[in-house]
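# Close look at the chain arrangement
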Amino acid sequence: MSDMGVNVVVVGGGVAGMEAAGQLARAGINVTLVEKEKETGGHVKQWHHLFPDRRNSMEVLTYLKHQIDHENITLLSGNTIIGFQRKGSGILIITNDGKELKADALLLATGFDLFKSERKEEYGYGIYDNVITSADLEAMFRKGELKLKDGGEPSKIGVVHCVGSRDEKAGNVYCSKLCCVTAVKQAMEIREHLSNSKVFCFYMDMRMGGALYEEMYRDAQEKYNINFIRGKVSEVGVGFNNKLVVKVEDTLAGRPLKMELDMLVLMAGMEMSEDGLKLAKAGKLNIGENRFFAPADHHFGSNKGNVKGIFYAGACTAPMNITETISHARAAVADIVDYLKTTSK
Amino acid sequence: MEINGKKRIWSEYQKEIADDHFFYVRSCIRQSFFPGSEQFFLNFMRNVLGKDVYENPSHTTCTGIGYHGDIVPFSTIMTVVARHFALMKESGYKNIAISCVTSFGIYTEILETWKHFPEELEKTREYLYKATGREFDIPENMAHTSDIIYKFRNDVAARAKNLLINKLTDEPLKVVEHIGCHYSKMFPRYGVGGAEFPNVLSGMVEAWGGDVVDYPERRHCCGFGFRQYLVQANRGYSISNTTKKFSSMKPFKPDLVLTNCPGCNMFMDKWQYTIREMEGTTYGVDGESIPVLTYEELAGLVMGYNPWDLGLQFHMVQSEPLLRKMGIEFNNEDKYKTKDGRQMPIPENLINV
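Residues numbered from 1 in each chain as written. Chains lettered and ligands numbered in written order. Predicted model: local features only at pLDDT ≥ 70, side-chain atom pairs only at ≥ 80, totals over all residues.

## A few points about the overall build of chain A
Defined as follows: Each helix corresponds to a stretch of at least 4 residues labelled H or I by DSSP, and each strand to a stretch of at least 2 residues labelled E; elements are numbered beginning at the N terminus. In this scheme the burial state of a residue depends on its C-beta neighbours within 10 Å: 20 or more other such atoms mean buried, 12 or fewer mean exposed, and anything in between means partly exposed; the C-beta positions come from the backbone. Here contacts are defined at the residue level, using C-beta atoms placed from the backbone and a cut-off of 7 Å between them.
In terms of regular secondary structure, chain A is built from seven helices and 20 strands. Along the longest, intermediate and shortest principal axes, the C-alpha atoms of chain A span 70 × 35 × 35 Å. For chain A, the proportion of its 345 residues judged to be buried stands at 46%. Taking the intrachain contacts of chain A between residues at least 6 apart in sequence as the baseline, contacts between residues at least 24 apart amount to 65%.

What follows is the structure, encoded as C-alpha cells:
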C-alpha cells in the first residue's frame, strides 16, 4: 500500500527502470512502470553470461523481477510514452494508446540501443554470412552452439573492438566503455566452447577500467592464449574459399596485416535509444554531444533533468555497466524521494 | 552472402540523376584509349533515347591529373572548373554529365569545398571574373556518365541482342566491376550505391544478365593512383597494386572486368600486358588475360553493336574470348580498318588473339 500518496512514472523496464521501480515502491510510492516490450528485462535478457564474474544473466533478471514484484507497482508492458508536460505541480504523461498518466515525478530509464553494425559498411554485417555482432554471439552462447552459417565449426575468429564507438565517421566520438571487457569475456568464452580455436582481438586501446576487468584481460592473454592486435580493421571481404578476408593494421608491429578468418564478431557500441531521443525532443530535455540525456550537473545532479520533476537513471545518460546502472537507479530514487518531500511541503 | 544487405545499402545511396538536357564534358584520355566509348554514349543518348546532350567546343581539361600530380594548385583547378560551369550557364544548361571519374571527383571535391567554405566559392567567382569576365552557376544536377547509363540500364536491356550469358555454358558471365576511387570513395553520397558496395556498375551487370564477382581486393586501387604512376620511380608500386588485385580475382575466373574510370581501365588493361611480359603471369583461364571494358563498350556489345565500331581492338587485352562466349559474330579482317575501308597498321603482340 502507498504510504506517501504520490505517484511516479518510470519509463523503461530494463535494469535501471526495474531497480528504481522496486526501490520507489519500497519507499511507499505508487509506481507505474512503462515498458515498450511485452517482457521486462531490457538488454540483459538477450545476454548469456555477464562480466566480470561470468554470472548467468538470468540471475540478474530473477533479482530484477523480484524487485518489481510489489503491490505499489503497476506494470504497463507493450506501451511507450509519446509525450509529457508539466501540469500544476505534477506531470501529465501520454502513452502511445492515448492513456493519460498523472505523476508527481517522471523517471526516464530508456536505456540504450546497440549501435547498428551495418552502418559500418566496410565490415559487411548483414552481407557476409559469418560477420556477427556481440549480441548475436551471446544468442549463440545461450543456444550452446557456436557455428558458422553453413553449420561448420569456426577455427579462426576475430573480434573487432570499438564498432560505432570512438568513431567520428559513425558520429560517435565517445567510448562505449563496456565493449573491451565484453570482447575479453566473449573471447574467453569462445576458447572455452572451441578449445582448438584461435581468437584475435583487434583493439585501439584496451579500456579495462572496472573492478576485475584488468585481471580478466591478463587471464585472457596468459591462460586463454588470446591474441590482442592493436589496430583497427579497415575492411572485410570474402575469399574464394568463402573465408572472411580481413585487413587490419598492426600498429605495434608497424605493418598492415591481411588474414583469413572463419568468423568476425563486431563489438557493437552503445547509443542513446531512439525512444529516448524522441522523448528528449518532445519534452525539451537537454542532450549532450553524445546525444544521451544531459544531466543537470555531472557531479551533483547526474540523475536530474533540466525540467523540474524529470529524473534519469542508467544508460540513458551514458554507457554504463549493470553495477553502475543499479547504483545510478538507486541514486535516482534518493533524489526523487527528496524532491517529493520538498514539493509536498 | 546476403543480397538484401547490399540492397539496404544501395537504398541509402540513391542519387538524383537528371533525365534530359545534359551539358556533356569529355575526358582528356578516353577518346585516345577507348575511342568508341564516348561516341557510344552520345549516340545512345541522342539517337536511341532521343535526349538532348550538348557539347561546348570551348570545354577544356579539368587539370585533374595535374592537380593530383601536385603541379596544379587548388585555387587554379577551382577556377578552371568554374569556367566549365560558366560555359554551361552560357549554353543554357543546368545538368552536367561528366565522362571522366577523375573530373567527377574533382567536381565533387570542389562543390563540397564551396558548400563548407563559402569564402572559397566567392574567391573563385572573383578569380574567374577577373580572368575571363565570366560568371557561373552551380549545376542543379551533376552525374557521372556511368550514373546516366545506370539510370537507363533497363533501356539497354530492353534493346539487348547479346545478354551477359555464356552461350557455351548457358551460365551468366562472371563480371568483376571496378569503380574508380574518385567516383565515390571520397564522397560516398555522390555515387550510386555508395563506396563500399557500389551499385552503379553492378546494377548494369545485373540488368544485362551477368553475375558480379565479389572478391577480397574488390575495393583496392587499380594501381594508377596518379603519383604511384606519374612519378616514374613509383611505377613498381603501381604495378604491384595491380598484381595484388588481379591475383585476388583470379580464382573466381572472371570473364571480364568492367570499369567506369579511364585510369582504371587503362591500367587494368595495360598492366596485364606488362605483367605477362615481365613474368609470364596471366589472370584469365587457359593462359588468357581478362578483357577490361568500359560500361559504354559493354552496353554497346549488349545492344549488338559491332565490336570494332566500339573500339575494342584498341585495348591491349583483346576481347575475342569474351565475344565468343557472348556469341557475338565478328570479322577479324575488319578489325583494323577505317570506316571507309582503309587498312590501318596491325599491332604486334596482341593478347588473347
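Read on for the rest.
## A word on the domain arrangement of chain A
Residue and element names in this part refer to chain A. Let me state the cut-off plainly: For every domain, the bounds stem from an assignment made automatically or drawn from a database. Here the term charged refers only to Asp, Glu, Lys and Arg, the term nonpolar to Ala, Val, Leu, Ile, Met, Phe, Trp, Tyr, Cys and Pro, and the term polar to all other amino acids, Gly among them.
When cut into domains, chain A gives domain 1 (7-111 + 273-344) and domain 2 (117-269). Relative placement of domain 1 and domain 2: their C-alpha centres are 32 Å apart. Every contact between the two is made by nine residues of domain 1 and, on the other side, 18 residues of domain 2. Classifying every residue of the side of domain 1 that touches domain 2 by side-chain character gives four nonpolar, five polar and no charged.

## Some thoughts on unusual backbone geometry
Following A:F51, the chain continues into A:P52 via a peptide bond in cis, with omega recorded as -5°. With respect to the secondary-structure elements, A:P52 resides in the loop between β3 (49-50) and β4 (55-56). The phi torsion at B:H21 lies on the positive side, around 60°, for a residue other than glycine. Tracing the sequence through the fold places B:H21 in the loop between α1 (3-12) and β1 (22-25). Even without being glycine, B:D170 reaches a positive phi, approximately 65°. Looking at where B:D170 falls in the secondary structure, it is placed in the loop between β5 (165-166) and β6 (171-172). Overall, B:D170 belongs to the exposed group, with 7 C-beta atoms counted inside 10 Å.

## Points about the nonpolar core
Just so we agree on the cut-off: Put simply, a nonpolar core is buried Ala, Val, Leu, Ile, Met, Phe, Trp, Tyr and Cys residues tied into one set by C-beta atoms within 7 Å.
Core analysis: the largest hydrophobic core is formed by 99 residues, its most contacted members being A:V8, A:V10, A:A20, A:L107 and A:V159. Of all the elements, helix α4 (residues 179-193) of chain A adds the most residues to this core, at eight residues. Residue assignment places this core across two domains, with domain 1 (7-111 + 273-344) and domain 2 (117-269) of chain A each supplying three or more. If we skip the residues at most four places from it in the chain, A:V8 touches A:L24, A:I29, A:V31, A:A103, A:D104, A:A105, A:L107 and A:I336. Residues B:V25, B:W271, B:Y295 and B:L298 belong to the second largest nonpolar core, which totals 94 residues.

## A closer look at the interface of chain A and chain B
With 13 residues of chain A at the interface, the matching set in chain B holds 16 residues. Broken down by element, the side of chain A that touches chain B gets its largest block of residues, three residues, from strand β15 (residues 233-238) of chain A. Of the residues in the side of chain A that touches chain B, the class split is five nonpolar, three polar and five charged.

## Quick look at the packing of helix α5 (residues 74-91) of chain B against helix α7 (residues 118-132) of chain B
Residues and elements named next belong to chain B. Spelled out, the test is: To obtain each axis, a line is fitted to C-alpha atoms, and for helices this fit is confined to the stretch in contact; angles are then taken between N-to-C directions over 0 to 180 degrees. Roughly parallel means an angle under 35 degrees; roughly antiparallel means over 145; roughly perpendicular covers 65 to 115; every other angle is labelled oblique.
α7 packs onto α5 with a crossing angle of 70° between their chain directions and a minimal axis gap of 9 Å. Viewed along their axes, α5 and α7 adopt a mutual orientation that is roughly perpendicular. Judged by residue contacts, S75, M78, T79, A82, R83 and A86 of α5 engage E120, T124, Y127, L128, A131 and T132 from α7. Residues that form the contact of α5 with α7 fall into these classes: six nonpolar, four polar and two charged.

## Some details on the sheet that holds strand β4 (residues 141-144) of chain B
All names here are of chain B. Stated formally: Two strands pair under a simple rule: DSSP has to find at least two bridges between them.
A sheet is described by the order of its strands in space; here four strands give the open sequence β2-β1-β3-β4, paired in parallel fashion. What marks the edges here is a single partner per strand, and that holds for β2 (53-55) and β4. Strand-to-strand twist across the sheet, computed as the mean angle between neighbouring axes with direction ignored, equals 30°.

## Re the domain arrangement of chain B
Residue and element names in this part refer to chain B. Domains assigned within chain B are domain 1 (20-145) and domain 2 (160-328). Here domain 1 and domain 2 have C-alpha centroids that lie 25 Å from each other. With 23 residues of domain 1 in contact, the opposing surface of domain 2 contributes 25 residues. Where the side of domain 1 that touches domain 2 is concerned, the elements lending two or more residues are α2 (30-33), α3 (35-48), α4 (64-68) and α6 (101-116). If you tally residues by element for the side of domain 1 that touches domain 2, the top one is α6, at seven residues. A class-by-class count of the residues in the side of domain 1 that touches domain 2 yields 11 nonpolar, nine polar and three charged.

## Quick look at helix α11 (residues 200-207) of chain B
Residue and element names in this part refer to chain B. Here α11 lies mainly inside the structure; seven of its eight residues are buried. Those residues of α11 that fall on the buried side of the exposure criterion are V200, L201, S202, G203, M204, V205 and A207. Those residues of α11 that are buried are in contact with α8 (145-151), α9 (153-158), β7 (174-178), β8 (211-212), β9 (256-259) and α15 (295-302). Where α11 terminates, the next one or two residues include G209, which has phi positive at roughly 100°.

## A few points about the sheet that holds strand β13 (residues 198-203) of chain A
Residue and element names in this part refer to chain A. Pairing in this open sheet of five strands is parallel, and the strands run β11-β18-β12-β13-β14 from one edge to the other. Of all strands in the sheet, those bounded by a partner on one side alone are β11 (131-133) and β14 (227-230). For this sheet, the mean angle separating the axes of adjacent strands, direction not counted, is 25°. Sitting on the sheet, α4 touches β12 (156-163), β13 and β18 (263-268), and the angle it makes with β12 is about 170°.

## Overview of the environment of B:K244
All names here are of chain B. Within the element layout of this structure, K244 appears in helix α13 (residues 235-249). Placed 238 residues apart in sequence, K244 and K6 show a C-alpha to C-alpha distance of 25 Å. When neighbours within four sequence positions are excluded, K244 is seen to be in contact with E217 and H220.

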